[in-house]
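Observations on the three-dimensional arrangement
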Amino acid sequence: MKENQRLFYLSIGISIITLIISIILHFFVKCDIADYISGIMLNIFAGAIMLIFTSLVYYFVERRKTLEKLMNYALELRNLFNKVKYLPEDKYTDFKVFKEYYKNEKVFEKVNLKDLYTDLKKSDEEKRHKEMESIMQSYIAIRNYSLKDFWNIYDQLHFIFDFKNKKKLKIYKMIFDYTHNLRNKIEEKVYHFNIYFDSNGKGNKKINYQFVRELQEDIFYYEEMPINSKNKWKLDLKEINYSCTHNNIDGYKYITSNSVVEYYNNVFDELGKIAYFDRNYDKKNEETSN
């Protein structure tokens, strides 16, 4: 793509220069040598014109291939982040609230609520720590995902008639800068995750739990409201993939949505519009998938 863009500009330059020289020699310099050189310039001009069309054809072929590679990266990154699950806050219902909720239930009349509470709390902690480790592995996989060709694609992004690089800058901010910044944040925490796993489960669970919670602030959308609330969620749930969790004992519910997955879906559509010169690419893609 880059080579064909440069060849296109070079061909235009050669064609303009040779045409001007040929016109000057033919009309303003009256001698046989001038006519001979003028004829040579015209032949070079004709070759340059052919080169313009050839380079233009190859440019558009490589342009589509390059943008399609970038679209595939957007899908692969989306799939990687789609494996990251939301990790709830590291706390359990207070015993007083727990007791108040179950004390009038006939099923639990002969049950020692304190023992039940202790068992459930322990089970919940074990479950959350297993989820934490699974999520940490997902972040490690994202960190280890190679982006070598990803940056090679950026080097190839040279658009014809994009003299101020507006289109390249738009794509850079859209996917390259976004991915780079997100990966850097993950890399900082993955260092600690690797230490945790190298310690054979003897690492600091509390600190790593906090690290996972910090990371997901940049990845997940979170919204909470009272469990009996009739208010609508701020997000249009028809437009996103989300999960809803209810905590009947503490009396609240919340939704989470992976914002990064949604972002890369949008990036895929935006790149499709550029690659195929189609402003309605996302709508057509949606109709095809349905």
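This report concerns the structure included in the present document. Please read all numbers here as calculations on a predicted model, not as lab measurements. (Residues numbered from 1 in each chain as written. Predicted model: local features only at pLDDT ≥ 70, side-chain atom pairs only at ≥ 80, totals over all residues. Heavy atoms only, no water.)

A closer look at the overall build of the protein chain
Applicable threshold: Going along the chain from the N terminus, every DSSP run of H or I of four or more residues is numbered as a helix, and every run of E of two or more is numbered as a strand. It is over C-alpha atoms that the radius of gyration is taken, and the globule rule equals 2.2 Å times the number of residues to the power 0.38. Each residue is placed in one exposure class: buried if its accessible area under a 1.4 Å probe, protein chains only, is under 20% of its type's maximum, exposed if it is over 50%, and partly exposed if it falls in between. Here, Shrake-Rupley sampling with a 1.4 Å probe gives the accessible areas, and only protein chains in the shown set may cover a residue. For the charge count, each Lys or Arg is scored as positive and each Asp or Glu as negative, with His and the chain ends excluded. Charged groups are reduced to one reference atom each: NZ for lysine, CZ for arginine, CG for aspartic acid, CD for glutamic acid.
Of the regular secondary structure elements, the protein chain holds nine helices and three strands. Sequence-ordered secondary structure for the protein chain, helices as α and strands as β, is α-α-α-α-α-α-α-β-β-β-α-α. The globule rule puts the C-alpha radius of gyration for 290 residues at 19 Å, and the 31 Å found for the protein chain is more than 25% above it. With respect to the principal axes defined by its C-alpha atoms, the protein chain has extents near 120 × 45 × 25 Å. Buried positions account for 35% of the 290 residues belonging to the protein chain. Summing over all exposed atoms, the protein chain offers an accessible surface of approximately 18,700 Å²; the carbon and sulfur share of this is 53%. Where the 46 positive side-chain charges of the protein chain centre and where its 41 negative ones centre are 1 Å apart.

Re the packing of helix α4 (residues 113-144) against helix α6 (residues 166-198)
Basically, it comes down to this: Every axis corresponds to a line fitted to the C-alpha atoms, with the helix fit spanning only the stretch in contact, and the corresponding angles, defined between N-to-C directions, vary from 0 to 180 degrees. In what follows, roughly perpendicular refers to angles from 65 to 115 degrees, roughly parallel to angles under 35, roughly antiparallel to angles over 145, and oblique to any angle outside these ranges. Note on convention: near helix rotated counterclockwise from far helix by under a right angle means a left-handed crossing. Clockwise means right-handed. Pairs of residues are marked as contacts when any of their non-hydrogen atoms sit within 4.5 Å. Side-chain classes follow a simple rule in which Ala, Val, Leu, Ile, Met, Phe, Trp, Tyr, Cys and Pro form the nonpolar group, Asp, Glu, Lys and Arg form the charged group, and the remainder, Gly included, forms the polar group.
α6 packs onto α4 with a crossing angle of 125° between their chain directions and a minimal axis gap of 9 Å. Put simply, α4 runs oblique to α6. Judged by the twist between their axes, the crossing of α4 over α6 is left-handed. Residues M132, E133, M136, Q137, Y139, I140, I142 and R143 of α4 touch α6, and the partners they reach there are R183, I186, E187, V190, F193, N194, Y196 and F197. Considering only residue class, the contact of α4 with α6 consists of ten nonpolar, two polar and four charged.

So, helix α1 (residues 2-28)
Residues spaced three or four apart along an α-helix point in a common direction, a consequence of the helix completing one turn every 3.6 residues. Our working rule: Multiply 1.5 Å by the residue count of a helix minus one, and that product is the helix's expected span.
Here α1 contains 27 residues, and its C-alpha end-to-end distance of 39 Å stays within 8% of the 39 Å for a straight helix at 1.5 Å per residue. Summarising the contacts, the buried residues of α1 are in contact with α2 (32-82) and α5 (148-156).

Considering the pattern of salt bridges
To keep things clear, this is the line we draw: A carboxyl oxygen of Asp or Glu within 4 Å of a side-chain nitrogen of Lys or Arg is what we treat as a salt bridge.
Under the criterion given, the structure shown has eight salt bridges. For D155, the salt bridge goes to K2, with nearest N and O atoms at 3.0 Å. A residue pair is termed long-range when its members are at least 10 positions apart, and D155 in helix α5 and K2 in helix α1 qualify at 153 residues. Note on D155: relative accessible area 39%, which makes it partly exposed. Judged by its relative accessible area of 14%, K2 falls in the buried class. Three or more residues joined by partner-sharing salt bridges are found here, namely D90, D124 and R128.

Some points on the pairing of strand β3 (residues 252-258)
Here is the key point about a regular strand: its side chains alternate between the two faces of the sheet. Counted only if it meets this: For two strands to pair, DSSP has to find at least two bridges joining them.
In terms of burial, β3 is largely enclosed, as six of its seven residues are buried. Bridge analysis of strand β2 (residues 243-247) against β3 gives five bridges, and the strand direction is antiparallel. Note on β3: the bridge partner recorded for C244 is I255. Where β2 hands over to β3, the hairpin turn is made up of four residues, of which G251 adopts a positive phi near 75°.

Looking at the environment of Y242
Within the secondary structure layout, Y242 lies in the loop between β1 (220-226) and β2. Looking at Y242, the relative accessible area reads 41%, which means it is partly exposed. Considered as a pair, Y242 and M1 are 241 residues apart in the sequence and their alpha carbons are 39 Å apart. Among all residues touching Y242, those that are not within four sequence positions of it are L237, I255, T256 and S257.

Re the sheet that holds β3
Spatial strand order, β1-β3-β2: three strands in an open sheet with antiparallel pairing. Each of the sheet's edge strands pairs with one partner strand only, and the pair in question is β1 and β2. Adjacent strand axes in the sheet meet at a mean angle of 20°, parallel and antiparallel pairs treated alike. Sheet topology places β1 next to β3; seven bridges connect them, and they run antiparallel. Counted as the bridge partner of P226 is Y252 from β3.

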